Amino acid sequence: MSKFRGKRVAVTGAAGTVGQELVRQLIAAEAGEIRALDHSETSLFALESRFNNPTLRCLLADIQNLNHLQRFFEGVDLVFHVAAYKHVALCEMHPRAAVETNIMGVQNVVTAAKDAKVSRVLFTSSDKAVNPTNVMGTSKLMGERLMTAANALGGGETIFASTRFGNVAGSSGSVIQIFAEQIREGRAISLTDPEMTRFMMTLEDSVRLVIESMFLAHGGEVFVTKMPVVRIADLAEVMIEELAPKHGRTAKSIEIKITGARPGEKLYEELTTDEEIKRTLEVDDRFIVLPAWRGIYRSIDFSAHEKISKPATRVYTSLVETALTKAEIAKFLGDSGLLG
């Protein structure tokens, strides 16, 4: 974290759940200036009021507008690109909007960062980018590829990389938020499939690993965070047992209703693929996926990764990783402050 001291850092999508936690940790790391970019005026106002810190500049910007980014990246050392459309159903309904934000927006970030001679850019991707089955996942995969390609196509002084992770517990629109609201209102919990599993991590830990990835990058890598696996049926049962009494209800009064998987929804999550395994390295807390077309990236030395890692031997999927027990889920939720 000391590497951020005195640096000028820009965060796109800064008013979102992950963006706000990034801002909090960057303030704690004594960044010299934090430029918080978002297109939501109300959310930016709330962000500024929450932190009230002299190093924080809240800037109204749209990543679809290249001029905004070129202006606000001037003099910046580091960029965390978090802004994106993330809701699967809405992206499916509005594919053009997903393309304009999740693909063209990434290209705008790349162009503006090169123009401003930013030192490093880190893009936050998603498990949905792996073997994508929907518009949102496909657009995030293209975002990863644009970031990797930026290192080969006149990358200049800027290092571009991506980080890929699963669900952030308690983030806006997450299953934990939905279950908690259903329990509070005494409604049945909507469970798509009792066999569904998901990777899940606390907001603080996921952002910490994103921040660490910034200075691990040499150019073009995708850093994959290792995360606990949760069976969604177990999560639902634990939340009912823990939250129902807090709202004056018994656990037996909350029904679990099986609704069936939604279009494009997988029963399990994948964070790496069979194709990637040949070029993936493993360290204690993450996998490092190296670029596929290594001949294009001759000028990038990945030997530093190879010295501290071992070749990955398995595809990282929630289907085969050991899931948390119900007791471990309860502790996870309690430690995260998600049962209050």
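In this text the structure is predicted, and so the values were computed from the model without any measurement.

Caption draft 1: Examining the overall build of the chain more closely. The helix and strand tally for the chain stands at 12 helices and 15 strands. Relative to the compact-globule value of 20 Å for 340 residues, the chain shows a C-alpha radius of gyration of 20 Å, a close match. Along the first, second and third principal axes, the C-alpha set of the chain runs to 60 × 45 × 40 Å. Burial statistics for the chain: of 340 residues in total, 50% are counted as buried. Taking the intrachain contacts of the chain between residues at least 6 apart in sequence as the baseline, contacts between residues at least 24 apart amount to 78%. Of the roughly 15500 Å² of accessible surface on the chain, a fraction of 52% belongs to carbon and sulfur atoms. Here the chain contributes 40 positive and 42 negative side-chain charges, whose respective centroids are spaced 2 Å apart.

Caption draft 2: Structural context of the pattern of salt bridges. Under the counting rule described, the total for this entry stands at 26 salt bridges. Notably, a salt bridge pairs arginine 231 with aspartate 234, separated by 2.9 Å at the nearest N-O pair. We note a salt bridge from glutamate 282 to arginine 314, for which the minimum N-O separation is 3.3 Å. Here glutamate 282 is found in strand S13 (residues 280–282), whereas its partner arginine 314 is found in the loop between strand S15 (310–311) and helix H12 (326–335), with 32 residues between them in sequence. With a relative accessible area of 29%, arginine 314 lands in the partly exposed category.

Caption draft 3: Quick look at the side chain of glutamine 25. Its location among the elements puts glutamine 25 in helix H1 (residues 17–28). The class of glutamine 25 is buried, set by a relative accessible area of 7%. Here glutamine 25 is in contact with Met1, Glu204, Val207, Arg208 and Ile211, once residues within four sequence places are set aside.

Caption draft 4: Here's a closer look at the sheet that holds S13. Read across the sheet, 10 strands follow the order S3-S2-S1-S4-S5-S6-S10-S14-S13-S15 without closing on themselves; strand pairing throughout is mixed. At either margin of the open sheet sits one strand with a lone partner, and together these are strand S3 (56–60) and S15. Across five bridges, the pairing between strand S1 (residues 8–12) and strand S2 (residues 33–38) is parallel. Bridge pairing links valine 9 to isoleucine 34 in S2. Against the sheet, H1 engages S1, S2, S3 and strand S4 (78–81), with an angle of about 165 degrees to S1. Helix-sheet contacts for helix H2 (residues 41–51) involve S2 and S3, and the interaxial angle to S3 is about 175 degrees.

Caption draft 5: Here's a closer look at the packing of aromatic side chains. Per the counting criterion, the structure on display carries four aromatic pairs. With centroids separated by 5.1 Å and ring planes inclined at 75 degrees, the aromatic side chains of phenylalanine 4 and phenylalanine 215 adopt a geometry described as edge-to-face. With a gap of 211 residues between them, phenylalanine 4 in the segment before S1 and phenylalanine 215 in helix H9 (residues 203–216) connect regions that are remote in the sequence. Relative to tyrosine 316, the ring of phenylalanine 199 has its centre 4.6 Å away and its plane inclined at 35 degrees; by these criteria the two rings are tilted. Remark: tyrosine 316 occurs in the loop between S15 and H12 and phenylalanine 199 occurs in strand S9 (residues 197–201); sequence separation between them is 117 residues. Among the residues examined, phenylalanine 199 registers a relative accessible area of 0% and is labelled buried. In this structure an aromatic cluster arises from ring pairing among Phe4, Phe80 and Phe215. Lying over the aromatic face of phenylalanine 72, arginine 71 brings its terminal NZ or CZ to 4.7 Å of the ring centre.

So, how was this worked out
- Residues numbered from 1 in each chain as written.
- Predicted model: local features only at pLDDT ≥ 70, side-chain atom pairs only at ≥ 80, totals over all residues.
- Heavy atoms only, no water.
- Helix = DSSP H or I, 4+ residues; strand = E, 2+ residues; numbered from the N terminus.
- Rg over C-alpha atoms; globule rule 2.2 N^0.38 Å.
- Buried < 20%, exposed > 50% of the residue type's maximum accessible area, 1.4 Å probe, protein only.
- Contact = heavy atoms within 4.5 Å.
- Areas by Shrake-Rupley, 256 points an atom, 1.4 Å probe, with all protein chains shown as cover.
- Lys, Arg positive; Asp, Glu negative; His and termini not counted.
- Charge placed at Lys NZ, Arg CZ, Asp CG, Glu CD.
- Salt bridge = Lys/Arg side-chain N within 4 Å of Asp/Glu carboxyl O.
- Pairing = 2+ DSSP bridges.
- Axes fitted to C-alpha atoms, helices over the stretch in contact; angles between N-to-C directions.
- Phe/Tyr/Trp six-rings, centres within 6.5 Å; stacked < 30°, edge-to-face > 60°.
- Lys NZ or Arg CZ within 6 Å of the ring centre and 35° of its normal.

No statement about biological role is implied by the geometric values presented.
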